[in-house]
Amino acid sequence: MESLDSFVFPNEVHITWTVMIVLYPYITGMVAGAFIVSSFYHVFGMEKLKPIARFALVSSLAFLLFATVPLLNHLGRPDRAFNIMLTPSFSSAMSGFGFVYAFYMIIVILEVWLSYRVDLIDKYTNSRGISKFIYNIIILGNSNDNEETRRIDKKLVTFFAAFGIPVACILHGYVGFLFGSIKANLWWSTPLMFIIFIFSAIVSGLSVLIFLYQFVHWLRKKKVDQDSLDLMAKWLWGFMIIAVILELMELLSIAYERTERWVVLQQLITGKLKVSYIILQIGVFSIIPFLMLTVTSLIKINLKLKNLLIWLSSGMLLIQVLLMRWNVVIGGQLVSKSMRGFTEYFPGFLDREGLIVSAVIIIIPFILLKLFDGVFPFFEKSENK
Amino acid sequence: MEKIDRRQFIKVGIFTTAGVLVGSFFGFADSDEKIDVKTFDDLLKYEWGYIIDTSRCIGCGACVRACKIENNVSDNYYRTWVERYEVNKNGKIRVDSPKGALEGFRQDNFPSSEIVKSFFVPKLCNHCYDSPCVQVCPVGASYETPDKVVLVDKEHCVGCGYCVQACPYACRYIDPEKGTADKCTFCYHRIQKGLAPACVNACPRSARIYGNLKDPESKIRKILNTRRYGLLKPELGTNPKCYYIELDMEIK
């Protein structure tokens, strides 16, 4: 209940966008980030990233397939979800969502298909019965494989990878824009929001790739490609610095302006968001990974220790980005539009939009990724070459 | 008795059924109430506005109750509510709106001897000229009528909640029963018949006044021409159509 000195409007007691809306930008962030990493190899020819490029691409697809699940679970009328594409009202930033999402999905699927075509044809030739039939469908009945087709495939992959970079930025920057353009919300309304979202997306994309790459190699007792890992760790270091600094600079300029906005937001970050924002997001999960990555990037240390530090910081940064999404999405809604108080939110455990459902939604893409590994093997092939 | 063959039997059957159907159509469809269908041009003659006289409201909450009954508003959500502002002798201010004032206000927040000033402020959808909620609706379910009332098409709304976020006045919510956005309609079903909105009707102090802003002879126009008033959060450029007489700077 509201205390005497704090007032929230009667309709603000329940917040509207729950933890599901926290998960959506978190998942699309990983999608966009992972895609951009794969494009570094395909478009900019960074050979060092070759071992991870396909993995990055397939991860992007796995997360993308599940990105809309939290949204559908959150909609008051999920049965009408397609209205957004059937009757879009273009004065709304959200109306483009279906089209951007579908467009990006097509690009990712085409790129995955083209970059795995050779392997799929290989599987098709070596399989029998039903699986042969299924592979035949996947390769669209075309088992042509020669120098010329490979050359064209590669060209197309490069094209889609290049084209996909702006689309990935749009897909995710646009989520940031949705928040940043709401003038009614003190904590969201800033033109910097979409830039912060893009950088944090790249951080989460790099983190999830590093984390899984090392984890999978550890599970399979294989050696990681050190050059590739080092390069990604350095990038993660750079991008996380930019992402965190942008966010802090944003806060600093609000604080320095000292308008009414700061009076309210100051109470927010030192009150309701003290633990999740100041202590966890900035204190623990930004500063510690920053220090660890500084060590791994600048100082020569024992290789095992180095890789452990990289792995730990990638895991911590994954949590940092999740915290950031929480602090933005939930934090913004805790501030009453009356500017006189703050509301409460806890998702609950067993609710439709509760913590257990959230955990399931987060875990499913990883399971899917594991299944994909069967059809689109990520690592072995490239290592053998 | 003459034998009826199959063909004749079917013929009689069809005519009888048709007769009953057509007859009942005339019997039941004819209602006494004349349906007055306004054309688009008719609607353009209106621009519904609203005045809240904060100096007159006594915080009885009759408007909140009337609204809840008239519009079947879900529990714990409010299409309209009343806020109470109390200032003590040290200049400290306390604001509250227990259950949106559905049951009025029972206790003071300061000891009554300390209160130097207090007032009540009814709130409802401002039906802005430039509504952010209409702008952000991704499917066009939130719209503005030709007579400038902002409504939600509940058969089309997907319940994304974007409009709830966009409204700077917290006038919208997602109806937990329908899963769609909900808000004040100015009792559109009533004003179309020439009746006052339920809240206006219920107010014992005439603190709530509605009318046609396009009509220079309307009560609302006359008041706006003579009294000083303010708008809520004018800096956001929403251009509300709810005008607050004696708007205090503490009211947001």
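Computed from a predicted structure; not experimentally measured.

Asker: I'd like a rundown of the overall build of chain A, residues and numbers included.
Answerer: Within chain A one finds 14 helices and zero strands. The linear arrangement of helices and strands in chain A, starting from the amino end, is α-α-α-α-α-α-α-α-α-α-α-α-α-α. Taking 385 residues into account, the globule formula puts the C-alpha radius of gyration at 21 Å, and chain A, at 22 Å, falls close to it. Seen through its C-alpha atoms, chain A measures out along the principal axes to roughly 75 × 55 × 35 Å. For chain A, with 385 residues in total, the buried portion stands at 44%. The long-range share in chain A, meaning contacts at least 24 apart out of those at least 6 apart in sequence, stands at 77%.

Asker: Tell me about the overall build of chain B, residues and numbers included.
Answerer: Looking only at helices and strands, one finds eight helices and 11 strands in chain B. Taken against the 2.2 N^0.38 rule, which gives 18 Å for 252 residues, the C-alpha radius of gyration of chain B at 25 Å runs more than 25% over that of a compact globule. Judged by the C-alpha coordinates and their principal axes, chain B covers about 105 × 40 × 35 Å. A buried classification covers 40% of the 252 residues belonging to chain B. Contacts spanning at least 24 positions in sequence make up 63% of the contacts within chain B whose residues lie at least 6 apart.

Asker: Residue-level account of the environment of A:Trp188, with values.
Answerer: Residue and element names in this part refer to chain A. Checked against the element boundaries, Trp188 lands in the loop between helix H7 (147-180) and helix H8 (193-219). Expressed as a C-alpha distance, the spacing of Trp188 and Ile134, which sit 54 residues apart in the sequence, is 47 Å. Leaving out residues up to four positions away in the same chain, Trp188 has contacts with Phe179, Gly180, Ile182, Met193, Val328 and Gly332.

Asker: Provide a residue-level description of the interface of chain A and chain B, including the pertinent values.
Answerer: The extent of an interface is frequently quoted as the accessible surface area lost upon association of the parts. Listed per partner, the contact involves 33 residues of chain A and 36 residues of chain B. Classifying every residue of the side of chain A that touches chain B by side-chain character gives 15 nonpolar, 11 polar and seven charged.

Asker: I'd like a rundown of the nonpolar core, residues and numbers included.
Answerer: For soluble globular proteins, nonpolar side chains are generally found buried alongside one another. Of all hydrophobic cores here, the largest spans 162 residues; its most connected members are A:Val203, A:Leu209 and A:Leu236. A:Leu209 has contacts with A:Ala34, A:Val37, A:Ile52, A:Phe55, A:Ala56, A:Ser59 and A:Met232, leaving out every residue within four places of it along the chain.

Asker: So what's going on with the sheet that holds strand E11 (residues 242-245) of chain B? Residues and values would help.
Answerer: Residues and elements named next belong to chain B. Taken in spatial order, the four strands make up an open sheet running E9-E1-E11-E10, and their pairing is mixed. Since the sheet does not close on itself, it has two edges, and those belong to strand E9 (208-212) and strand E10 (229-230), each with one partner. The sheet contact formed by E10 and E11 spans two bridges and is antiparallel. The residue of E11 that forms the bridge with Tyr229 is Ile245. In the packing of helix H8 (residues 219-226) onto the sheet, the strands contacted are strand E1 (48-53), E9, E10 and E11, and the crossing angle to E9 comes to about 110°.

Asker: Would you mind going over H7(A) in detail, with residue names and values included?
Answerer: Across its 34 residues, H7(A) extends 48 Å between first and last C-alpha, which sits within 8% of the 50 Å expected from 1.5 Å per residue. Along H7(A), the helix axis deviates most sharply at A:Gly164, where the bend reaches about 30°; the proline A:Pro166 sits within four residues downstream.

Asker: Quick rundown of the environment of B:Val12? Include the residues and the values.
Answerer: All names here are of chain B. Checked against the element boundaries, Val12 lands in helix H1 (residues 6-29). Residue classification places Val12 among the exposed positions, given that 11 C-beta atoms sit within 10 Å. Here the alpha-carbon distance between Val12 and Gly23, two residues 11 residues apart in the chain, equals 16 Å.

Asker: I'd love a proper account of the packing of helix H1 (residues 19-42) of chain A against helix H2 (residues 50-66) of chain A, names of residues and values included.
Answerer: All names here are of chain A. The interhelical angle for the contact between H1 and H2, taken along N-to-C directions, is 155°, at an axis separation of 8 Å. One element, H1, and the other, H2, form an angle in the roughly antiparallel class. Handedness of the H1/H2 crossing: left-handed. Residue-level contacts link Ile27, Met30, Val31, Ala34, Phe35, Val37, Ser38, Tyr41 and His42 of H1 to Lys50, Ile52, Ala53, Ala56, Leu57, Ser59, Ser60, Phe63, Leu64 and Phe66 of H2.

Asker: So what about the confidence of the model for chain B? Which residues, and what values?
Answerer: This prediction gives chain B a mean pLDDT of 92; 94% of its residues lie at or above 70. Here the complex is predicted with pTM 0.90, and the ipTM for its interfaces comes to 0.91.

Asker: Summarise the sheet that holds strand E4 (residues 115-124) of chain B; cite the residues concerned and give the values.
Answerer: Within a sheet, adjacent strands bond to each other through the backbone by hydrogen bonds, running parallel or antiparallel. Residues and elements named next belong to chain B. Ordered in space as E3-E2-E4, the three strands form an open sheet in which the pairing is antiparallel. Edge positions in the sheet fall to strand E3 (93-96) and E4, since each of these pairs with one other strand and no more. Averaged over all adjacent pairs, the angle separating strand axes in this sheet is 15°, with direction ignored. Across the sheet, helix H3 (residues 62-71) touches strand E2 (80-88) and E4, and the angle it forms with E2 is around 160°.

Asker: Provide a residue-level description of the packing of helix H9 (residues 226-257) of chain A against helix H12 (residues 303-334) of chain A, including the pertinent values.
Answerer: Residue and element names in this part refer to chain A. With their axes 11 Å apart at the nearest point, H9 and H12 run at an angle of 40° to one another. With respect to H12, the element H9 is oriented oblique. In this structure, H9 crosses over H12, and the sense of that crossing is left-handed. In this structure, H9 contributes Leu229, Ala233, Leu236 and Met240 to the contact, and H12 contributes Asn307, Ile310, Ser314 and Leu317. When grouped by side-chain class, the residues that make up the contact of H9 with H12 number six nonpolar, two polar and no charged.

Asker: Talk me through the pairing of E3(B); I want residue IDs and the actual numbers.
Answerer: Residue and element names in this part refer to chain B. Bridge count for E2 against E3 is four bridges, and the pairing is antiparallel. Pairing of Tyr85 across the sheet is with Val95, part of E3. Hairpin connection between E2 and E3: a loop of four residues separates the two successive antiparallel strands, and Gly91 in this loop has a positive phi of roughly 80°.

Asker: Go over helix H5 (residues 97-126) of chain A, please, and point to the residues and values.
Answerer: Residues and elements named next belong to chain A. With 30 residues, H5 ought to run about 44 Å at 1.5 Å a step, and its terminal C-alpha atoms sit 41 Å apart, in line with that. At Arg117, H5 shows its maximal bend, which comes to roughly 60°. Listed as buried for H5 are Phe97, Tyr101, Tyr104, Ile107, Val108, Glu111, Val112, Ser115, Tyr116, Arg117 and Tyr124. Tucked into the core, H5 has its buried residues touching H1, H2, helix H4 (83-86), helix H6 (129-138) and H7.

Asker: How would you sum up unusual backbone geometry? Please name residues and give values.
Answerer: With the exception of glycine, the majority of residues adopt a negative phi angle, and the majority of peptide bonds are in the trans configuration. Residue and element names in this part refer to chain B. Even without a glycine there, the phi angle at Phe186 is positive, about 60°. Within the fold, Phe186 resides in the loop between strand E8 (181-182) and helix H6 (188-191). Among the residues examined, Phe186 registers 28 C-beta atoms within 10 Å and is labelled buried. We note that Ser206 has phi near 50°; this positive angle belongs to a residue other than glycine. Position of Ser206 among the secondary structure elements: in the loop between helix H7 (198-202) and E9. On the neighbour-count criterion, Ser206 (12 C-beta atoms within 10 Å) is exposed.

Asker: Please provide a residue-by-residue account of the confidence of the model for chain A, values included.
Answerer: Confidence in the prediction of chain A, expressed as mean pLDDT, is 91, and 97% of residues score 70 or more. Counting contacts from residues 381-385 of chain A, a segment whose pLDDT is below 50, to residues more than four positions away or on other chains yields five contacts.

About the cut-offs
Residues numbered from 1 in each chain as written. Chains lettered and ligands numbered in written order. Predicted model: local features only at pLDDT ≥ 70, side-chain atom pairs only at ≥ 80, totals over all residues. Helix = DSSP H or I, 4+ residues; strand = E, 2+ residues; numbered from the N terminus. Rg over C-alpha atoms; globule rule 2.2 N^0.38 Å. Buried ≥ 20, exposed ≤ 12 C-beta atoms within 10 Å, placed from the backbone. Contact = placed C-beta atoms within 7 Å. Nonpolar A, V, L, I, M, F, W, Y, C, P; charged D, E, K, R; others polar. Core = buried A, V, L, I, M, F, W, Y, C linked by C-beta atoms within 7 Å. Pairing = 2+ DSSP bridges. Axes fitted to C-alpha atoms, helices over the stretch in contact; angles between N-to-C directions. Expected span 1.5 Å × (residues − 1). Bend = angle between axes of the 7 residues up to and from the residue. Parallel < 35°, antiparallel > 145°, perpendicular 65-115°, else oblique. Left-handed = near helix turned anticlockwise from the far one by under 90°. pLDDT = per-residue confidence, 0-100.

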